[in-house]
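# A closer look at the structure
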Amino acid sequence: MARTSQPRAAKPASKAAAEPPAPNRERPAEPERFKASKDQLLEFYRQMLLIRRFEERAGQLYGLGLIGGFCHLYIGQEAVAVGVQSALTGGLDSVITGYRDHGHMLAYGIDPKVIMAELTGRAAGISKGKGGSMHMFSVEHGFYGGHGIVGAQVSLGTGLAFKHRYARDGGVCVAYFGDGAANQGQVYESFNMAELWKLPIVYVIENNGYAMGTAIGRSSAEDQLYRRGESFRIPGIQADGMDVLAARGAMEAALAWVRQGKGPVILELKTYRYRGHSMSDPAKYRTRDEVQEMREKRDPIEHAKQELLAMGVSEDALKKLEKDIRTQVAEAADFAEQSPEPDEAELYTNVLVESY
Amino acid sequence: MALELKMPALSPTMEEGTLARWLVKEGDTVKSGDILAEIETDKATMEFEAVDEGTIAKIVVPEGTDGVKVGAVIAVMDGEGEESAAPRESGENPAAEKAPHADASGDPEKHPNPADKQEPTPHQMETAARELVADVTRAGTKEAADPAIPEGTQYARQTVREALRDAMAEEMRRDERVFVMGEEVAQYQGAYKVTQGLLDEFGDQRIIDTPITEYGFAGIGTGAAMGGLKPVIEFMTFNFAMQAIDHIINSAAKTNYMSGGQMRCPIVFRGPNGAAARVAAQHSQNYAPWYASVPGLIVIAPYSAADAKGLLKAAIRSPDPVVFLENELLYGQSFDVPQLDDFVLPIGKARVVREGKDVTLVSYTIGVGVALDAAAKLAEEGIEAEVIDLRTLRPLDTGTVLKSLAKTNRMVVVEEGWPTCSIAAELCAVVMEQGFDDLDAPVLRVTDVDVPLPYAANLEKAALLKSSDVVAAAKKVCYR
Ligand SMILES: Cc1ncc(C[n+]2csc(CCOP(=O)(O)OP(=O)(O)O)c2C)c(N)n1
Ligand SMILES: [Mg+2]
């Protein structure tokens, strides 16, 4: 159920009984679940499945010793990146996120091969193998990373929004961050300036319930994160991040507001990560039942699949799609395994742009 | 088609593991994401998930088996073909193949690669960090005599991780004002398990989980210290202390001076510092030179478990703010630790960890292992290196360094960190100013390469400190 702040939690269900109090200032429209055509939903499904299969394979390659360091998988959260980014305009808007970044890149249509090759640290990787899983960028796609320091992307994203406004290019920045990151001080410094200067940014909080081993209730005095902008007068929207159409619908409402020059919106998408925080997290802070329940009842991909079947898409068509994705992911993995490591001379390149 | 499930490498250091529990049995159908087994690694119990769909044809390694090598076949799965009439080769030839992407149809033409492609065998990930650890292991971790330890003292083997935990626990038992605060220090038992067990013993009033708000809790700790408490602030790693560096420097380090000695700030900021394994540029920095440049701070960076314990206890007791730099790669290394009721080492004292007459190698933290390894190689070539572990970086024990230099007349500084404006650079200056007449050769620095740490295994290797470079530098200053 989508919720917006100001007024608090105006639930459509209660509308019949009593109208919500009239807000004392304008706010974004109540979000509606996106009405996708069959083709649109099929495309969302494809993207989510690609992320899922890609991440499973990345987890496997980690187990094979081909991926090192940290590797944060996006499994379970696919509907967020796909729902949000499908609403953006390519070549105009910008996106920035933290270290859990593989899904956002895939949702942007970046070639799985160059992402996987970055994970294995190869020359063909999108950062020439120098960045790794947490540090991937594609300026061409308006994707500004890939940042390892929790919360940093929020200020940086606000800077990208500043650029959109400065250049009057009509673009909007989407800055993703987690429920844990939502507690960093720089987030609030950014909120204040973004509203003060009416910057075109949607702060997308991917609330997956945990920051590493800390459940949100143990870290957040206000756990309704969509309300975290209230004291800055930033409107908040809360929506189901396990439903790609709800995520997309909420993003539409947020974007409409921001594109009109009315300043930032906080979009809290409630989601869940199925895997540990990173590959080395045994995830003992939650029960297996909790994870199973989410997987079985709330899975965004399974939901989309059921909806597609109800829309009349054939099982065969979905099977074919599934198979194509497996092939695509297998090709990416092979590419990532087989392509060569960076040339040793790359060690010294890109430290500075110029020579002095 | 038969798919072999192999023992995965679930942590960078894992060589083998225990197959603790199977969550599936032969004949079960599984799909991607299903948890197949629980595997105990050297660090934790991890879940092992299916990546392909199929039926568990055979469980090769029964649950409860210890010492299962990474890469060993633990089960065989039949790739499920719901609509396929293709015959299954159920495990007759399990070694032969692993279809990396069994799909619903099992139709080989649709695969980019034929099904006979050999899936790579799991192995440990490549990382130069392992070389650093190997240097430490080769260097031997028998404690050399420490003047601060009484003769006849008994020793026990302990990891650096345990030594640090014990230091905190002992100080907390002794002084109620001591508390530990940081991210994941309590319920999770520490992101790197350094605070393991502390919550159980001391409760949540004294072992405190924080939100991810380094600047905030570093400030809260500093304020609490100004108020008279003795906080131990853990940064998950020192990379994240950058968020909080203002409080460390502007609030903690300057308080005593600015207040004319009226206001104290007895706080310890601790956590892992320096490069770890393949975690790339933002997570692999050595901040020792940064903090060591600040008057009003004490900076400690121990190598051995004994020093970690004795110096952390001293740090907690100190009335001054201390930055205590640990090293993730050392946490799991075992050393001899003196069994004393209250083992506290003096702050500000370096230690000669190996005696020699030909060249002095000076280092700290993990670099000490590298220097010791180099010293062993040099000995084979007839060069006797003296190795000094600085242990405290501010105040720097220049006396011990200069004394050694007076004996050997040659010096190489070994540092896992950037060369520019480093501890090594500082030592070069000290030697120029105070030891010039003792020098028979220029002082050389052996450090990481002066670039952000790259992710790729080969570049990481090229970037990090190497004992072979130390050997070369030592020979050069010995004109050999
Ligand atoms: C400044 C900083 N502090 C701590 C960390 C270590 N760390 C990495 S991810 C993480 C948890 C973040 O949780 P959340 O924001 O909820 O994002 P999620 O991982 O759930 O996607 C922590 C503590 C870091 N990378 N940067
Ligand atoms: Mg989270």
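First things first, this report covers the structure right here in the doc. (Residues numbered from 1 in each chain as written. Chains lettered and ligands numbered in written order. Predicted model: local features only at pLDDT ≥ 70, side-chain atom pairs only at ≥ 80, totals over all residues. Heavy atoms only, no water.)

Together, Glu341(A), Asp343(A), Glu344(A) and Glu126(B) give the surface a local cluster of negative charge. Here Glu341(A) lies in the segment after helix H11 (315–338). (Patch = residues over 30% accessible without salt bridge, like charges linked within 9 Å, V, L, I, M, F, W, Y side chains within 5 Å. Areas by Shrake-Rupley, 256 points an atom, 1.4 Å probe, with all protein chains shown as cover. Salt bridge = Lys/Arg side-chain N within 4 Å of Asp/Glu carboxyl O. Lys, Arg positive; Asp, Glu negative; His and termini not counted. Charge placed at Lys NZ, Arg CZ, Asp CG, Glu CD. Helix = DSSP H or I, 4+ residues; strand = E, 2+ residues; numbered from the N terminus.)

Across the boundary between the two partners, chain B contributes 70 residues, which contact 64 residues of chain A. In total, chain B and chain A occlude about 5500 Å² of area from one another, counting both sides; carbon and sulfur atoms represent 54% of this. Across the contact surface, chain B and chain A share six salt bridges. For Arg288(A), the salt bridge goes to Glu47(B), with nearest N and O atoms at 2.8 Å. Our count for the contact surface shared by chain B and chain A stands at 22 residue pairs in polar contact (both at pLDDT 80 or more). (Contact = heavy atoms within 4.5 Å. Buried area = accessible area lost by both parts, 1.4 Å probe. Polar contact = N/O pair within 3.5 Å; in protein donor to acceptor, adjacent residues only side chain to side chain.)

What follows is about unusual backbone geometry. All names here are of chain A. Residues glycine 145 and glycine 146 are joined by a peptide bond in cis, for which omega reads 25 degrees. Residue position: glycine 146 is located in strand E3 (residues 143–146). At lysine 198, a residue that is not glycine, the phi angle is positive and equals roughly 50 degrees. For lysine 198, the location among the structural elements is in the loop between helix H6 (185–196) and strand E5 (201–207). By relative accessible area, which is 38% here, lysine 198 ends up partly exposed. (Buried < 20%, exposed > 50% of the residue type's maximum accessible area, 1.4 Å probe, protein only.)

This part is about helix H2 (residues 160–174) of chain B. An α-helical turn contains 3.6 residues, so any two residues separated by three or four positions project in the same direction. Helix length check: H2(B), at 15 residues, gives a terminal C-alpha distance of 21 Å against a target of 21 Å (1.5 Å per residue), a fit within 8%. Within the span of H2(B), buried status applies to Val160(B), Ala163(B), Leu164(B), Ala167(B), Met168(B), Ala169(B), Glu170(B), Glu171(B) and Met172(B). (Expected span 1.5 Å × (residues − 1).)

Once that is clear, we can look at the nonpolar core. Among the nonpolar cores identified, the biggest contains 85 residues, and Ile207(B), Leu312(B), Phe324(B), Val359(B) and Leu361(B) are the most heavily contacted of them. For this core, the leading source of residues is helix H9 (residues 366–380) of chain B, giving eight residues. Aside from chain neighbours lying at most four places away, what touches Leu361(B) is Ala371(B), Ala374(B), Ala375(B), Leu378(B), Ala385(B), Glu386(B), Val387(B), Ile388(B), Val412(B), Val470(B) and Ala474(B). Counting 82 residues, the second largest nonpolar core, distinct from the first, contains Tyr74(A), Val244(A), Ala247(A) and Leu269(A). (Core = buried A, V, L, I, M, F, W, Y, C linked by side-chain atoms within 4.5 Å.)

All names here are of chain A. Those donors, Asp179 (OD), Asn208 (OD1) and Tyr210 (O), are the protein atoms that reach the magnesium ion (ligand 2), and they lie 2.1 Å from it. Each donor residue of the magnesium ion (ligand 2) belongs to the same chain, with the gaps between them written as D-x28-N-x1-Y. Note that aspartate 179 is positioned in the loop between strand E4 (173–178) and H6 and asparagine 208 in the loop between E5 and strand E6 (210–211), a separation of 29 residues in sequence. Asparagine 208 carries the same exposure label as aspartate 179, and that label is buried. (Donors = N, O, S within 2.8 Å, 3.2 Å for Na, K, Ca; no water.)

Moving on: the sheet that holds strand E14 (residues 298–300) of chain B. Each strand in a sheet pairs with another by means of backbone hydrogen bonds, the pair being arranged parallel or else antiparallel. Residues and elements named next belong to chain B. Spatial ordering of the open sheet is given by E11-E10-E12-E13-E15-E14-E20, a layout of seven strands whose pairing is mixed. Strand pairing shows two members of the sheet lacking a second neighbour, strand E11 (207–209) and strand E20 (392–394), which therefore form its edges. Across the sheet, the mean angle from the axis of one strand to that of its neighbour is 20 degrees, orientation sign disregarded. The pairing of E14 with E20 spans two bridges and is antiparallel. Note on E20: the bridge partner recorded for valine 299 is arginine 394. Each of strand E10 (178–182), strand E12 (230–234) and strand E13 (268–272) is contacted by helix H4 (residues 214–226), which is oriented at about 165 degrees to E12, the strand it contacts most. Its contacts with the sheet place helix H8 (residues 305–317) against E10, E12, E13, E14 and strand E15 (322–326), and it is angled at close to 160 degrees to E15. (Pairing = 2+ DSSP bridges. Axes fitted to C-alpha atoms, helices over the stretch in contact; angles between N-to-C directions.)

Residues and elements named next belong to chain B. Summarising burial for strand E16 (residues 334–338): four of the five residues are buried, a large majority. Here strand E9 (residues 155–159) runs beside E16; their pairing, made up of five bridges, is antiparallel. Residue pairing for E16: alanine 156 is matched across the bridge by valine 337.

Our focus in this paragraph is the pattern of salt bridges. Residues and elements named next belong to chain B. Scanning the model with the defined rule gives 55 salt bridges over all chains in all. The residue lysine 309 makes a salt bridge to glutamate 170 at a minimum N-O spacing of 2.8 Å. On the criterion of sequence distance, the pair formed by lysine 309 in helix H8 and glutamate 170 in helix H2 is long-range, its members being 139 residues apart. The buried category is assigned to lysine 309, whose relative accessible area is 6%. With its nearest N and O atoms 2.5 Å apart, the salt bridge here joins arginine 270 to glutamate 326. Remark: glutamate 326 occurs in strand E15 and arginine 270 occurs in strand E13; sequence separation between them is 56 residues. Neither residue differs from the other here; arginine 270 and glutamate 326 are each classed as buried. Shared partners join several salt bridges into a network, and the residues in it are Glu170, Glu171, Arg174, Lys309, Lys313, Arg317 and Asp342.

Another aspect to go through is the site of ligand 1. Taken together, 22 residues form the shell around ligand 1, and within it Tyr99(A), Arg100(A), Ala181(A), Asn208(A) and Glu214(B) come nearest. Nearby residues around ligand 1 are contributed by chains A and B. The backbone of Tyr210(A) places a nitrogen or oxygen atom 2.9 Å from an oxygen atom of ligand 1. Against a free-state accessible area of 580 Å², the protein chains account for coverage of 96% of ligand 1. Per-class residue counts for the shell around ligand 1 are 10 nonpolar, eight polar and four charged. (Near = heavy atom within 4 Å. Nonpolar A, V, L, I, M, F, W, Y, C, P; charged D, E, K, R; others polar.)

For the coordinates displayed, the defined rule picks out 18 aromatic pairs over all chains. Pairing Phe34(A) with Phe44(A) gives two aromatic rings, centres 6.3 Å apart and planes at 40 degrees, and the pair type is tilted. A residue pair is termed long-range when its members are at least 10 positions apart, and Phe34(A) in the loop between strand E1 (3–4) and helix H1 (38–63) and Phe44(A) in helix H1 qualify at 10 residues. Classification of Phe44(A) as buried rests on a relative accessible area of 4%. Their ring planes at 80 degrees and their centres at 5.3 Å tell us that Tyr303(B) and Phe335(B) sit as a pair that is edge-to-face. With Tyr303(B) in the loop between E14 and H8 and Phe335(B) in strand E16, this residue pair connects regions lying 32 residues apart in the sequence. Clustering of aromatic rings is evident, with ring pairs tying together Phe177(A), Tyr188(A), Phe191(A), Tyr203(A) and Phe232(A). Positioned over the ring face of Phe335(A) is Lys113(A), at 5.8 Å from the centre of the ring. Cation over ring: Arg278(B) sits above Tyr455(B), and NZ or CZ is 4.3 Å from the ring centre. (Phe/Tyr/Trp six-rings, centres within 6.5 Å; stacked < 30°, edge-to-face > 60°. Lys NZ or Arg CZ within 6 Å of the ring centre and 35° of its normal.)

A word on the environment of Pro346(B). All names here are of chain B. One can find proline 346 in the loop between E16 and strand E17 (351–354). Using a relative accessible area of 37% as the deciding quantity, one classes proline 346 as partly exposed. Taking the C-alpha atoms as reference points, proline 346 and alanine 375, 29 residues apart in sequence, are found 26 Å from one another. Among all residues touching proline 346, those that are not within four sequence positions of it are Ala148 and Leu311.

Attention shifts here to the state of the cysteines. Any covalent bond linking the sulfur atoms of two cysteines counts as a disulfide. Residue and element names in this part refer to chain B. Tallied over the entire structure, the rule returns zero disulfides over all chains. Just so you know, cysteine 421 is unpaired, no disulfide at all, and the nearest cysteine sulfur is the one on cysteine 428, 12 Å from it. According to the relative accessible area criterion, cysteine 421 is exposed, its value standing at 66%. (Disulfide = S-S within 2.5 Å.)

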